[in-house]
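Structural characterization, general
Chain by chain, the residues:
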Amino acid sequence: MKLRVGAALFGLGVLLLVFAAGLPFYVAPAVTKLPYDLEPTTSVAEAKNAKFLKITRVGDSATIEVLQGDLTSNVEVIPQPDDTKDRLPEDLKGDAVIWDVYQTVRRTDSPEVVVSQYSTELALDRISGAAASWKEQWLNETGADGTPVGNVKYAGQIYKFPFGTDKRDYQIFDRDLKRATPAKFVGTEKIKGIEAYRFEQRIENEVLTTPESSLQTLVGKFAPGATSGQIVYSNTRTVWVDPVTGSYVNVREQQHKELQPNTGTPTVLLDADFNYNDDTVSRSVETVKDNRFKIGLISFWGPIVAGVLGLIAVVFGVWLVTRPEGGTARHRAEPAVDDPTPTRVDQEPVRDTDTVEQPRPQPVGGPLTDEIPPASTNWKSEDRTVPTQRPAPGEVEQR
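Residues numbered from 1 in each chain as written. Predicted model: local features only at pLDDT ≥ 70, side-chain atom pairs only at ≥ 80, totals over all residues. Heavy atoms only, no water.

Looking at an unreviewed UniProt entry, one finds the protein chain named Porin PorA, with Micromonospora noduli as its source organism.

Here we look at the overall build of the protein chain
Helix and strand content of the protein chain: 5 helices and 12 strands. Of all 399 residues assigned to the protein chain, the portion counted as buried reaches 35%. Across the protein chain, the fraction of contacts at a sequence separation of at least 24, relative to all contacts at a separation of at least 6, is 61%. (Helix = DSSP H or I, 4+ residues; strand = E, 2+ residues; numbered from the N terminus. Buried < 20%, exposed > 50% of the residue type's maximum accessible area, 1.4 Å probe, protein only. Contact = heavy atoms within 4.5 Å.)

Here we look at the packing of aromatic side chains
The full count for this structure, using the stated rule, is 7 aromatic pairs. The interplanar angle of 75 degrees and the centroid separation of 5.4 Å between the aromatic rings of Phe185 and Tyr197 together place this pair among those described as edge-to-face. Taken together, the residues span a long stretch of sequence, with Phe185 in strand E8 (residues 179-191) and Tyr197 in strand E9 (residues 194-207) at a distance of 12 residues. Under the relative-accessibility criterion, Phe185 is labelled partly exposed at 23%. These aromatic residues form a ring-pair network of at least three members: Phe161, Tyr170, Phe185, Tyr197, Phe199 and Tyr248. (Phe/Tyr/Trp six-rings, centres within 6.5 Å; stacked < 30°, edge-to-face > 60°.)

Here's the deal with the environment of Val152
Here Val152 shows up in the loop between strand E6 (148-149) and strand E7 (170-174). You can call Val152 buried: its relative accessible area is 12%. Through-space distance from the C-alpha of Val152 to that of Lys178 is 6.5 Å; in sequence the pair is 26 residues apart. Sequence-distant contacts of Val152, defined by excluding residues within four places in its chain, comprise Gln137, Trp138, Leu139, Phe173 and Lys178.

With respect to the pattern of salt bridges
This structure, assessed with the given rule, holds 17 salt bridges. In this structure, Arg87 and Asp83 form a salt bridge, with 3.2 Å as the shortest nitrogen-oxygen distance. Here Asp83 and Arg87 lie together in helix H2 (residues 81-87), a separation of 4 residues that amounts to about one turn. For Asp83, a relative accessible area of 21% puts it in the partly exposed group. (Salt bridge = Lys/Arg side-chain N within 4 Å of Asp/Glu carboxyl O.)

In structure tokens form, the structure reads like this:
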């Protein structure tokens, strides 16, 4: 029975050791990739007391004005697992995922109105989180004159950083510039108990590519004496990234857009400081904690626990198989020895004076002692008495 148990433990131990070795090399890489069936997510950023351009169209006419109020930006990310399976080219299959993203900026104080919207579809590398080179990507956004503008070629980080983010600079794509610019690593910070890497991307006084019709509409409204102009854009984008999963924990964008006509006074079209609201930050932190636990369990704690249990099972299984049969029973059958000193055959054993012993019988005809001999079948007691002591010298035994 013990042989079977030992063999079973040995086999289980070997299996656990193989499992422990395979977890970090085969299973862990699978959980450090963007999944195909990722749940849709929504992030909300708020800008208090912001200036913004609002274009209202009624029939063929449009009302253009700069307003001031509270803005809320909702960005919804919806993964597309079916499109990922069917539409990606062979060189991207297994390495990229397709996401659809929708953003709506609303004025949230009175009156509540939609200020701007955009939608896009792109492919992201499953490990780095950067934009993948995919010919079918597109961007549809509302321009300053209310018309959809913009084809796009995505590059760099957009909605996520790599798994295992490093303390170095990364390229972040900017939707207004339609290109990626550097985001510098500036340090680490604690956000609701999570250590996050902080990156800053500074865009200063960049001239935006704007359709001529849109520029003329704005110049005609805000600088009637000018014949041309340009929109100058600045933004300080700060992102706090979880270094393990590459997820955004918090985001802040300090945006500024200004119409600069060739004659006349510049007009501020946008001046807003967007920050993730507290609910978005809290949900991001909880998601990061859950994903960190899963990654740590598979890549670190899982191999350690499986390895230790496997080693114990192997050692105990070998011990059961190689242990002598019945060794324990023989050991228990051995009498206990109080005095380890050996006794010779011709040596009288040491008597314990505290122990009462039965007297040893003397041979017939041998010397008499003071001891009372035991009854024996060799003794006859018909007409004689049994002496109880040694005769005095010279005395003859009475018969």
